[in-house]
Amino acid sequence: MGEVSRGAGGDIERLDLGEVPYEEAVERMTGWVGQRRAGEIPDRLALLSHPPVITYGSRTPPAELPADSPIPLVPVDRGGQATYHGPGQLIGYLVLNLRERGPADIVRQVEHALIDACATLGFETLRRDTPPGAQSLVGVWTPDGGKLASIGMRIRGGVTSHGFALNIAPDLAEFTRFTACGLPGVTMTSLAELAARQGRSVPSEEEVRDAVAKALGAA
């Protein structure tokens, strides 16, 4: 996929991609950030997936990473701790000029947008406040404490980069090979697991992409 469309009212441009290697995707995203700062492109949401990779931030303790991983480990410049990306997961990169949008908690906005998208797809989810001094609980969770989506963003020069990862039907066993999100014992879940509990079919990737894009103002 490589289709570009404009959101309702021209708010956010939607870019649909297929599977893109992580390093290549970051290089492209970095270019978009420069273009956005220069006013050459509008705000953008890129939807894609990655081949298997574990990414981690500079504050991730080495003990939280797998000691001997067949999956590549890649350091990143976003917020958040270690996480897994792979087939069956929807990645969203957001390149937004916050100076034009005005003051706002962009991470909370993304949390609420993903919650709205999940509701459109028939799944109840919620956000969680992080207790003072505790590891961040940013993301989207199920009522029984499973983590469905992770969010890690960076803001520099008023422009955002990176974004979120929503589990549609990935291999959840990969998350057990390290300390996911800096939360020992966290249970990662997926729309596939939630759908199985409801005795229904899993939404297609196209349906998930459309719901997410619409909730973020890019459809």
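Please refer to the structure higher up on the page.
Keep in mind that what you see is a predicted model, and the values were worked out from it rather than measured. (Residues numbered from 1 in each chain as written. Predicted model: local features only at pLDDT ≥ 70, side-chain atom pairs only at ≥ 80, totals over all residues. Heavy atoms only, no water.)

Colleague: In this structure, what is going on with the packing of aromatic side chains? I would like to understand it.
Modeller: Each aromatic ring pair is characterised by the separation of its centres together with the angle its planes make. The full count for this structure, using the stated rule, is one aromatic pair. Over the aromatic face of Trp141 sits the side chain of Arg128, whose NZ or CZ is 4.3 Å from the ring centroid. (Phe/Tyr/Trp six-rings, centres within 6.5 Å; stacked < 30°, edge-to-face > 60°. Lys NZ or Arg CZ within 6 Å of the ring centre and 35° of its normal.)

Colleague: Would you mind going over the layout of surface pockets with me for this structure?
Modeller: One way to see where empty space is left: roll a probe the size of a water molecule over the atoms. Computed from the structure, the largest pocket encloses a volume of approximately 550 Å³. Taken together, 27 residues form the lining of the largest pocket, with Arg78, Gly79, Gly80, Gln81 and Gly152 sitting closest to its centre. Residue assignment for the lining of the largest pocket shows that the elements contributing at least two residues are strand 6 (83–85), strand 7 (89–95), strand 9 (146–156) and strand 10 (159–167). With five residues, the single largest contributor to the lining of the largest pocket is strand 9. (1 Å grid on protein atoms, 1.4 Å probe; cavity = no way out; pocket = protein on both sides within 12 Å on 5 of 7 lines; lining within 4 Å. Points joined across faces, edges and corners; volume = space filled by probe spheres on them. Helix = DSSP H or I, 4+ residues; strand = E, 2+ residues; numbered from the N terminus.)

Colleague: Explain the pattern of salt bridges here, please?
Modeller: Pairing between side chains of opposite charge can happen when their charged atoms approach one another. Under the criterion given, the structure shown has 16 salt bridges. A salt bridge links Arg101 to Asp11, with the shortest nitrogen-to-oxygen separation between them at 3.1 Å. With a gap of 90 residues between them, Arg101 in helix 2 (residues 98–101) and Asp11 in the loop between strand 1 (2–6) and strand 2 (13–19) connect regions that are remote in the sequence. We classify Arg101 as partly exposed; its relative accessible area is 36%. Using a relative accessible area of 36% as the deciding quantity, one classes Asp11 as partly exposed. Residue Arg108 pairs with Asp129 through a salt bridge whose shortest N-O separation is 3.5 Å. Of the two residues, Arg108 sits in helix 3 (residues 106–120) while Asp129 sits in the loop between helix 3 and strand 8 (140–141), which places them 21 residues apart along the sequence. Connected via shared salt-bridge partners are Asp11, Arg36, Asp43, Glu100 and Arg101. (Salt bridge = Lys/Arg side-chain N within 4 Å of Asp/Glu carboxyl O. Buried < 20%, exposed > 50% of the residue type's maximum accessible area, 1.4 Å probe, protein only.)

Colleague: What is the right way to look at the environment of Asp43 in this model?
Modeller: Turning to its location among the elements, Asp43 is positioned in the loop between helix 1 (22–37) and strand 3 (44–49). The spatial distance from the C-alpha of Asp43 to the C-alpha of Glu174 is 33 Å, given a sequence separation of 131 residues. If we ignore the near neighbours within four places in the chain, the residues touching Asp43 are Asp11, Ile12, Glu13, Arg36, Val95, Leu96, Asn97 and Arg101. Side-chain polar atoms of Asp43 contact the side chain of Arg36, separated by 2.7 Å. (Contact = heavy atoms within 4.5 Å. Polar contact = N/O pair within 3.5 Å; in protein donor to acceptor, adjacent residues only side chain to side chain.)

Purely geometric numbers; function is a separate question.
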